[in-house]
Every structure is written in C-alpha cells, then in structure tokens.
Amino acid sequence: MKKIREYIMGTDVQMFLANTPQLTFETTDACNLNCFYCGYGTLYNEYNDRTCNYLSPETAINFLNYIANLWQTNANRSTHSNIAISFYGGEPLMNFSFIEEVVTFIKRELSGKHREFTFNITTNAVLLDRYMDFMVENEFRILISLDGNKHNNSYRVDHAGKESYERVAKNINLLRNKYPDYFEKHVNFNSVLHNRNSIPVLHDYFKQSFGKYPSIGELNDTNIRQDMKEVFTKTYRNPTESLMQSENYSEIELDMFLKSPTYGSVAQFLINNSEFKYDNYNELLYGKPSIDNKTPTGTCFPFGRKVFITANGKLLPCERIGHQHMLGQITKDSVDIDFEAIAKRYNQYYAKLEKQCKGCFNKYGCTQCLFYLEDIEKDVCKCKGFMNQKTFEDYRNTQLHFLARNPEAYSKIMNDVKYR
Amino acid sequence: MLNTDKLIPPKGIYKYWFTLSKNVYVSNLSQGALLLYNTVNGQSFESSYIPFIEIVKDIHKPENLGIIGLKPSIEEDQQCWATLQHCIEKKIGLLINVEEGKSKPINLLPILSLQKDIDKFTISGEQDLIGHNIMSYLTELNIYINTDCEQSCPLCTNYHKQVNSCFKGATSTSLSLKLVETILNQASNSSTKNINILGGNIFRYSLLHELLALTLKYKYEYHFWINHKNFDEETYQKIASLNNHTDIIVSFPLGKGSIESVAKICLGNDRNTFQFFIETEEQYNYVSELVETFPGIKYHVHPIYNGTNIKFFEKNIFLTREDILSDTISMRKIFCNQKLNSNNFGSLTVLPDASIHANLNSKSIGDINKDSLLDCVYAELVQNTAWRKVRNFEPCNRCSYQYLCPSPSNYETVIGKLNLCNVNA
Ligand code: SF4
Ligand code: SF4
Ligand code: SF4
Ligand code: SF4
C-alpha cells in the first residue's frame with residue numbers, strides 16, 4: 001500500500017485536545033419542540049439514533065477531570081486562557097439538573113487551573129422563564145433560536161403541532177424586563193432562513209423588537225431524504241439572494257456587519273487570502289507556513305476548535321457533523337480516545353483530497369469541511385467546492401465588488417475582525 | 001438588484017486615478033514629511049511637498065479604498081506632477097487613465113491584520129484570549145548553570161548584558177540538575193530548537209557529565225558556551241563527542257594559552273563557533289587577521305561597549321540612512337518591527353539563582369522553582385519586559401525610519417541612548 005503523508009500525529013491530536021477552546025455538551029437530544037426543518041426531523045435520513053438520551057453529570061465530570069489532567073502535562077500549551085463550556089441540545093434546558101451540576105463542579109474544582117471559564121447555551125427559550133435566574137447568576141451567554149415574527153417562526157412548533165412563538169416571545173420579554181443590562185450584553189439570537197422569512201424581514205424584526213441582529217443559519221443540505229428533496233428545495237433560501245432582494249440591502253449589510261452573509265463572506269475572504277493578515281507573532285517573525293504544509297481542505301484539526309460530547313457520550317469535533325464521525329467515547333468511568341487512530345484517520349482523509357486541494361485555487365482560503373463531503377468514507381472523494389481559476393476569479397470579484405460598494409469595510413475588517 | 005451606477009464617477013471630473021503599489025510602506029503620514037518605501041525593490045522616496053502629502057493621505061482614507069481621482073488641473077501643479085512621476089519611476093505609485101463609464105478601481109493597500117495581537121486583546125478586554133497556545137512562541141533557551149570562574153576579565157559583568165556570554169557571580173551558585181531537567185522537559189512542547197548552556201565556567205559545573213547525559217534524553221541543538229580562557233581539551237572532546245555545539249568566546253585581553261592552539265583543536269568541526277568580542281578597531285583588525293590564518297573557521301564578531309569606546313560605536317555601529325536602506329526590507333519585516341522585538345522575542349534565560357528573564361537587562365518574570373516556562377511565556381506576553389519592545393519611544397517615534405530600523409537591541413540599553421544612529425543625532 002502506498003505510504004500516505006503524516007500531516008498530523010497522535011501527539012498533535014492530544015495537544016489539540018489539551019488546548020481546545022470549547023467543550024460543547026449535548027445536554028440531551030430530547031426536545032420540547034419539533035421544528036419542521038430540524039436535523040433530526042422528517043426532512044433528513046435518520047443518521048443519529050435520537051432516543052431521548054440525557055447526558056449524566058458523572059460522565060461530563062469524568063471527562064472534565066480527564067481534560068484537567070491534560071492541562072498538567074506537557075501537552076498543555078495554554079494558560080489563563082478561556083474555555084467556553086457550551087450547553088446544546090435537543091433543548092438543553094430539558095436537562096437542567098445536568099447544567100447546574102456541571103457549572104457548580106467547574107466553578108468549584110476547575111476554575112483558575114490554567115483556564116478561565118465562560119458558559120454558553122443555545123436554547124429555544126421555551127423553558128427560559130424557569131431557569132433564567134440561574135443563567136444570569138452564572139453569566140451565561142444565551143443564544144436564542146427564533147426565526148422572526150409569528151409567521152416567520154411558524155416552522156418552530158411543539159410536538160402537538162402548536163406554534164411556539166407566543167411562549168418564546170413572552171419568555172424573552174420576561175428576561176429582558178427583569179435583567180435589561182444582562183439582556184443587552186449577553187443575549188443573542190439565531191435564526192434559520194427559509195421560505196417563511198427573509199433576511200430583510202429578520203433584520204427589521206430583530207432591530208425593532210430587541211435592538212439586535214440575529215446570526216443567520218441555512219438549512220442543512222446534506223442527507224436529505226430522497227422523497228423530501230422537493231419539499232426541501234421549496235423551503236430552502238440562500239442567504240445572499242435573500243439579502244439582495246431588499247431595496248435596502250446596503251443598509252442591512254452595514255447594520256448586520258459580519259452577520260450579513262455578504263459582509264461575513266468578504267471578511268472571511270480577506271482573512272483567508274490577504275497577504276497582510278498574520279495569525280500570530282511567529283508568522284510575523286518567521287513568515288507564514290508554506291502552503292505545502294497546510295493540511296488539505298479547510299477542516300479544523302480534531303478537537304482543535306472544540307469537542308462536542310453527545311448525549312450518549314460520543315466525542316465529535318463539533319455538533320454540525322454526523323455521529324458516524326465520532327472520535328472517542330466517554331462514560332462515567334472511562335474515557336476512550338485513541339489519538340494515534342484519530343491521526344491516522346485524518347491523514348487518510350487528507351490523502352484522498354491532497355491532489356484536488358493542490359490544484360484548487362481556493363486552497364489558501366478553503367473553508368470546506370471534509371465531513372460534509374458525501375463520499376469521504378469511499379476510496380475516491382470529490383470536493384464540490386473545488387475552484388478552478390475561473391470560479392475563483394468570480395468568487396474573488398464578488399468580494400472585491402462588495403468592497404467597492406463598501407470601501408470602508410476593508411479597513412474595518414483588517415483592523416477589527418478576529419477570525420476564530 | 002445590485003446597483004453599480006454609483007460606483008461610476010460623474011463624467012469629466014477626473015482625468016486620472018492615482019494609487020500606490022501595495023508593496024509600498026508609507027511612514028509618518030501625520031508629520032510634515034513622509035517616506036515612501038517599496039518593500040520589493042528597496043526604492044524609497046521622501047517628500048515634504050504638502051499637496052503631494054495630501055494626495056497620499058487621501059489615498060489612505062478608508063472611504064477611498066486605496067485610489068483617488070485626480071482632476072485635469074493636477075498637471076498644472078508642476079511640482080506635484082513631477083513628484084507623481086518620480087513615484088511612478090520608482091514603482092511606488094501608479095497613474096491610470098480614467099475610462100468613461102467604468103467604475104472606480106480599488107486597491108487593497110497594506111493594513112496589518114494580526115489575529116492574535118495582544119495589544120488588541122488588551123484594549124478590547126479580551127485578555128482571556130492571550131494565553132491560548134502560547135508555548136509555540138518559545139524558541140530559544142539560555143540556561144546559566146553556574147557562576148563560578150577563576151578568570152577575572154575586566155568586563156565580565158558587561159558582556160552578558162550585550163550579547164550571549166558567560167559572567168561570574170559575586171557568590172558561587174549553580175542550578176541543580178533537577179531544575180535543568182525540569183526546564184528541558186517543559187520546553188519539549190514549545191518550538192525550542194536551540195538551548196544555550198552558559199556559566200561562569202561551565203566546565204566547572206560539578207554535574208557536567210550528568211548534564212551531558214541529559215542532552216541525549218532531550219533532543220535539542222545544545223550550544224555549550226566557554227570562554228577561550230577556560231578551554232580544556234578533554235572536556236571539550238566530551239561535549240563534542242555527543243554532537244553538541246561549542247561556542248568559544250574570545251574576549252580581550254586574551255588569555256595566556258594561545259588562541260591559536262584552541263582554534264587548531266576546534267577547527268574542522270562545523271559545530272564549533274568562535275564568538276569574538278571586540279572593543280576597538282585594533283582588536284577588530286587582529287581578529288580579521290587571525291581568522292584569515294584559519295580558513296573555514298566559523299565565527300561571529302560582536303562589538304562590546306566598555307564605557308569609553310563610544311567613538312568606536314559611532315563610527316562602526318551607528319546606523320546611517322544608507323545602512324538602514326542597504327538591504328531591501330520586506331513588508332513582513334516592517335510589520336514585525338511594529339509588533340515585536342526580533343532580538344528578544346521567543347527567548348528566555350534562566351539564571352543559576354533560578355530567576356527567569358526575557359532579557360538580561362530586564363527584571364525577572366519568574367522563578368523556575370515555582371513557575372513553569374508556560375507561566376513565564378505568559379508573564380512576558382502580558383508584562384512585555386523585552387519581547388515586544390519596539391521603537392515607539394523618542395526620538396524614533398517621530399522618525400520616518402521608525403519601523404524600517406531594526407528592533408532596539410541591548411546596545412541601546414547599555415549605552416543609554418535609545419537611537420544608535422546618525423539620522424537623528
Ligand atoms: S463543520 Fe467541520 S470544520 Fe467546522 S467545526 Fe465541524 S468538523 Fe470542524
Ligand atoms: S474547496 Fe478546494 S481546497 Fe477546499 S477542500 Fe475542496 S478542493 Fe480542497
Ligand atoms: S571567563 Fe567569563 S565568567 Fe570568567 S571572568 Fe571572564 S567573562 Fe567572566
Ligand atoms: S531615530 Fe530611531 S528610527 Fe530613526 S533612524 Fe535613528 S534609530 Fe532609526
């Protein structure tokens with residue numbers, strides 16, 4: 001068998017884990033809503049056995065202790081640095097006792113030992129009224145999923161098919177009235193774009209109702225059930241197209257800044273392609289690493305961006321990819337991670353794409369995650385995002401055109417944007 | 001519904017678009033004169049002509065995105081027009097004819113975007129982002145294992161404040177082997193490649209053999225620093241037999257044993273380097289002759305300030321405009337000079353009393369008995385005793401060469417003059 005290039009080694013994977021900036025717990029995969037477009041819902045092939053699992057605090061604490069031990073080893077290269085502890089679901093507040101125990105444990109046992117902690121939660125806000133005091137007390141950064149006004153939000157229904165809007169809006173206002181400063185500082189929104197809302201509508205709704213702008217997510221276009229493809233196409237909306245439908249797209253772009261798909265895209269383009277962007281002091285001192293040493297695709301290193309812990313204790317590089325890509329398994333008394341095997345697996349993926357990426361004009365700024373490539377487990381895998389010179393030029397021109405329309409964006413992005 | 005009409009300038013207003021090459025660094029836009037420097041061809045050009053300075057300033061306004069329109073009347077201002085032409089000849093500026101109906105071009109001029117910029121994190125209150133993955137910044141360690149030495153070089157206490165050198169302490173101290181091993185072990189997850197072992201006289205370190213055994217266990221490039229006066233062939237051979245480097249300091253006055261005999265022993269091993277410390281031109285001439293008699297000898301020459309040889313420094317070390325511009329300075333180097341001190345960044349020194357310094361002229365940032373190297377790297381990044389000292393002080397901060405000049409070095413500190421140049425005397 002042909003020897004493949006060792007882009008990463010087991011010790012690297014261990015180092016990525018020891019220095020990971022984020023741990024996301026899928027607190028439970030159960031949810032009190034049943035949104036039409038949910039990744040676990042009717043549009044998609046059943047990949048992940050979602051059977052109302054609740055992650056146990058003992059399992060999470062076992063893993064936290066494991067990571068904390070890594071901080072005492074040479075694999076640790078960070079200190080005084082922030083680690084974000086995120087609670088995700090399903091609906092995380094359906095397993096509130098877990099959240100409470102984990103937060104208490106971290107504050108009592110781990111704070112100050114090489115790391116500082118911030119807590120995040122992504123919630124549908126249905127149970128917000130019950131638990132908001134705790135979240136405020138622990139300075140949670142709250143990301144609320146809401147698709148706009150009552151009509152916009154009408155795909156977000158409960159298991160009886162009843163719309164969630166009234167209840168959610170009531171809870172948000174409760175939080176806002178009781179803790180106005182906190183709401184201002186720590187509460188943000190997340191909207192899925194579809195055929196019942198649009199970016200201009202979302203912009204206006206959130207600006208008027210809360211003085212904020214939401215992050216915009218698209219519908220996931222992988223793993224759609226064969227018989228639902230048509231429904232999907234009807235429901236799906238492309239963010240940039242949605243934005244450009246408005247007469248006031250310029251104003252919206254400026255308001256939403258990086259949350260606007262166009263502004264966000266140009267920021268990403270500049271940060272990835274500008275010769276004047278340097279990641280860190282070593283790059284300034286010794287020069288940027290050669291493209292030949294860059295790993296193929298734009299995939300994050302295993303555990304390099306975060307660790308996602310599923311409700312049944314699987315470890316994944318993030319919440320956005322299928323559970324078949326698990327990298328390890330934890331229980332309340334074991335942690336099973338084979339660093340060498342993970343490195344080998346990634347090196348095999350890289351080998352499949354090495355040649356394509358080399359010839360791709362977007363290789364410097366690639367953000368393609370290899371786990372989104374349908375054939376990644378097959379012997380031959382083609383990247384849909386491949387750019388030849390022409391497609392790259394088109395892409396580049398689109399970004400430059402945005403800058404020509406918004407000249408001040410260039411210095412703003414170069415001076416202010418931190419890409420994490 | 002993209003509207004591009006407003007990107008097209010009204011007919012007849014502008015005759016030319018003027019821009020600068022994206023390789024051009026512009027210095028001191030706020031002062032009465034400015035320097036334009038092409039970082040690829042090394043050409044530079046200074047101007048204090050106000051209308052031209054205004055043009056360059058306008059080009060840099062965010063709303064102009066690197067390019068401005070020039071009206072036909074520009075050609076009537078002969079001095080300005082000549083200056084523009086001069087810019088173009090030096091490949092510093094570019095003049096483009098305005099084509100009717102075509103939108104204004106853009107040019108993405110240099111703006112440094114340093115993602116993990118500590119100053120920015122501090123200003124934005126995101127201090128918790130400073131300490132992530134910082135061990136990779138550590139690239140070099142100087143470990144002083146003892147302070148013992150039987151020599152009495154007159155400048156003993158001066159050398160190490162200027163260059164890598166031995167120095168002897170008032171009292172005899174040495175770093176325990178255990179601490180040395182702790183350091184070597186902790187550095188293994190950094191980017192450290194070179195480890196300098198220094199003293200006093202390191203050949204007198206009682207556990208030198210054990211220390212040499214450690215060099216087999218922890219893989220780095222080890223440099224053992226010994227003054228030629230303390231050179232001893234047998235110990236040298238042991239160090240060399242383990243593929244370590246030996247750096248032989250030759251300071252004046254020379255020792256009794258002839259330097260030639262040391263050179264003969266060390267010649268032929270390219271891991272050996274002679275480090276000549278010179279204070280005068282005579283010494284320099286002596287060294288020049290000496291090295292000529294040993295073809296292939298590896299050596300460096302370091303000027304040493306002895307308190308009385310400022311003239312020697314003024315003549316040979318102080319920078320002139322020509323010196324500064326003699327090599328092409330890349331944009332990265334200029335950015336680098338704005339953000340960090342390339343003499344110091346990445347290097348830590350551990351002294352026999354266990355104190356840790358980012359530079360031997362700066363205060364201690366830790367104690368290896370209780371602080372890890374990681375703690376010290378963090379402390380240095382936050383406290384900035386040396387690694388990020390740049391030319392942001394008088395008079396450099398009002399000089400056009402501020403970031404074209406190399407980072408401030410130990411000489412500035414020791415001489416007590418912040419600009420070692422003939423530009424701003
Ligand atoms: S989507 Fe892919 S690249 Fe992005 S965080 Fe997840 S695993 Fe990493
Ligand atoms: S977009 Fe290009 S660089 Fe990125 S994974 Fe695909 S082929 Fe490789
Ligand atoms: S040999 Fe080195 S340590 Fe000894 S006196 Fe001379 S300079 Fe000082
Ligand atoms: S004043 Fe400072 S910046 Fe200017 S030439 Fe002298 S040393 Fe360099």
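Keep in mind that this is a model prediction, so the values were computed, not measured. (Residues numbered from 1 in each chain as written. Chains lettered and ligands numbered in written order. Predicted model: local features only at pLDDT ≥ 70, side-chain atom pairs only at ≥ 80, totals over all residues. Heavy atoms only, no water.)

**Focus on the sheet that holds strand β11 (residues 335–336) of chain A**
Residue and element names in this part refer to chain A. Reading across from one edge, β6-β5-β4-β3-β2-β1-β8-β9-β10-β11 is the order of the 10 strands in this open sheet, with mixed pairing throughout. The open sheet terminates on both sides in strands that have one partner only, identified here as β6 (215–217) and β11. With 2 bridges connecting them, strand β8 (residues 307–309) and strand β9 (residues 314–316) associate as antiparallel partners. If you follow I309 over to β9, its bridge partner there is L315. Against the sheet, helix α2 (residues 57–71) engages β1 (22–26), β2 (81–88), β3 (115–123), β8, β9, β10 (328–330) and β11, with an angle of about 170° to β1. (Pairing = 2+ DSSP bridges. Helix = DSSP H or I, 4+ residues; strand = E, 2+ residues; numbered from the N terminus. Contact = heavy atoms within 4.5 Å. Axes fitted to C-alpha atoms, helices over the stretch in contact; angles between N-to-C directions.)

**A closer look at the nonpolar core**
Grouped burial of nonpolar side chains is what soluble globular proteins tend to show. Membership of the largest hydrophobic core comes to 135 residues, with the highest contact counts inside it found for L403 of chain A together with L211, F274 and L348 of chain B. With 7 residues, the top contributor of residues to this core is helix α13 (residues 373–383) of chain B. In terms of domain composition, this core takes at least three residues from each of domain 1 (4–97) and domain 2 (131–415) of chain B. When near neighbours in sequence (up to four residues on either side) are disregarded, L211 of chain B contacts I145, L177, V180, I197, Y205 and F224 of chain B. Formed by 106 residues, the second largest nonpolar core is a distinct cluster that contains L23, F119, V136 and I199 of chain A. (Core = buried A, V, L, I, M, F, W, Y, C linked by side-chain atoms within 4.5 Å. Buried < 20%, exposed > 50% of the residue type's maximum accessible area, 1.4 Å probe, protein only. Domains from an automatic or database assignment.)

**Looking at the interface of chain A and chain B**
Of the residues lining the interface, 49 residues belong to chain A; the matching set on chain B comes to 55 residues. When chain A packs against chain B, close to 4,800 Å² is buried across both sides, 58% of that on carbon and sulfur atoms. Its largest share of buried area at the contact with chain B, chain A owes to R77, F276 and Y281 of chain A, together 19% of the area lost on that side. Summed over the shared surface of chain A and chain B, the number is 3 salt bridges. The partner of K116 of chain B in a salt bridge is D279 of chain A, and the shortest N-O contact between them spans 3.1 Å. Here chain A and chain B share 26 residue pairs in polar contact (both at pLDDT 80 or more) between them. Within the residue set of the side of chain A that touches chain B, elements represented by two or more residues are β2, α10 (249–256), α11 (261–273), β7 (277–278), α12 (281–286), α14 (389–405) and α15 (408–416) of chain A. Take the side of chain A that touches chain B: its biggest share by element is 6 residues, from α12 of chain A. Relative to strand β7 (residues 113–114) of chain B, β7 of chain A is paired through 2 bridges, and the arrangement is parallel. Bridging from a neighbouring strand, Y278 of chain A pairs with L114 of chain B of β7 of chain B. (Buried area = accessible area lost by both parts, 1.4 Å probe. Salt bridge = Lys/Arg side-chain N within 4 Å of Asp/Glu carboxyl O. Polar contact = N/O pair within 3.5 Å; in protein donor to acceptor, adjacent residues only side chain to side chain.)

**Section: the packing of aromatic side chains**
Residue and element names in this part refer to chain A. One pass over the structure, following the stated rule, counts 50 aromatic pairs over all chains. When the centroid spacing of 5.9 Å and the interplanar angle of 90° are considered together, the rings of Y88 and F308 count as edge-to-face. Taken together, the residues Y88 in strand β2 and F308 in strand β8 connect sequence positions 220 residues apart. What makes F308 buried here is its relative accessible area of 1%. Among the aromatic side chains, those forming a connected cluster through ring pairs are F25, F87, F96, F98, F119, Y131, F134 and F140. (Phe/Tyr/Trp six-rings, centres within 6.5 Å; stacked < 30°, edge-to-face > 60°.)

**Re the site of ligand 4**
Inspection of the region around ligand 4 gives I324, R391, C396, C399, Y401, Q402, C405, N419, C421, V423 and N424 of chain B as its neighbouring residues. Its residues assigned to classes, the shell around ligand 4 shows 7 nonpolar, 3 polar and 1 charged. (Near = heavy atom within 4 Å. Nonpolar A, V, L, I, M, F, W, Y, C, P; charged D, E, K, R; others polar.)

**So, the site of ligand 2**
Close contacts around ligand 2 come from T297, C357, C360, K363, C366, Q368, C383, G385 and F386 of chain A, and that covers them all. Grouping the amino acids of the shell around ligand 2 by side-chain chemistry returns 5 nonpolar, 3 polar and 1 charged.

**Focus on empty space enclosed by the protein**
Residues and elements named next belong to chain B. As enumerated under the stated definition, the model contains 1 cavity of 30 Å³ or more in all. Volume-wise, the largest cavity comes out at about 100 Å³. If you go around the largest cavity, you meet 13 residues; those closest to its centre are C149, C153, C156, C166 and F167. By residue class, the composition of the lining of the largest cavity is 6 nonpolar, 6 polar and 1 charged. (1 Å grid on protein atoms, 1.4 Å probe; cavity = no way out; pocket = protein on both sides within 12 Å on 5 of 7 lines; lining within 4 Å. Points joined across faces, edges and corners; volume = space filled by probe spheres on them.)

**Focus on a positive patch on the surface**
On the surface, R130, K162, R167 and K170 of chain A cluster together to form a positively charged patch. Relative to the helices and strands, R167 of chain A resides in helix α5 (residues 165–178). (Patch = residues over 30% accessible without salt bridge, like charges linked within 9 Å, V, L, I, M, F, W, Y side chains within 5 Å. Areas by Shrake-Rupley, 256 points an atom, 1.4 Å probe, with all protein chains shown as cover. Lys, Arg positive; Asp, Glu negative; His and termini not counted. Charge placed at Lys NZ, Arg CZ, Asp CG, Glu CD.)

**Brief notes about the environment of I197 of chain B**
Residue and element names in this part refer to chain B. For I197, the location among the structural elements is in strand β9 (residues 194–198). Taking C-alpha positions, I197 is 8.5 Å from L141, a pair spaced 56 residues apart along the chain. Not counting the four nearest positions on each side in its chain, I197 is found in contact with I143, I145, I202, L211, Y222, H223, F224 and W225.

**Digging into the layout of surface pockets**
Approximately 660 Å³ is the volume found for the second largest pocket. V26, H60, P110, I111 and L112 of chain B are the residues nearest the centre of the second largest pocket, which is lined by 30 residues in total. Every element with two or more residues in the lining of the second largest pocket is listed here: α15 of chain A together with β2 (24–27) and α12 (331–339) of chain B. Class assignment of the residues belonging to the lining of the second largest pocket gives a composition of 18 nonpolar, 8 polar and 4 charged. Counting the residues that make up the lining of the second largest pocket, at least three belong to each of domain 1 (4–97) and domain 2 (131–415) of chain B.

**Quick look at the domain arrangement of chain B**
When the parts of a complex come together, some accessible area is lost, and that lost area is often used as the size of the interface. Residues and elements named next belong to chain B. Looking at chain B, the domain boundaries give domain 1 (4–97) and domain 2 (131–415). Carbon and sulfur atoms make up 53% of the surface buried where domain 1 meets domain 2, a total of about 1,100 Å² over both sides. Contact with domain 2 buries area across many residues of domain 1, yet Y25, Y37 and T39 alone supply 47% of it, more than any other trio. Put simply, domain 1 and domain 2 have 0 salt bridges between them. Put simply, domain 1 and domain 2 have 3 residue pairs in polar contact (both at pLDDT 80 or more) between them. Of all the elements, β2 adds the most residues to the side of domain 1 that touches domain 2, at 3 residues. Per-class residue counts for the side of domain 1 that touches domain 2 are 5 nonpolar, 7 polar and 2 charged.

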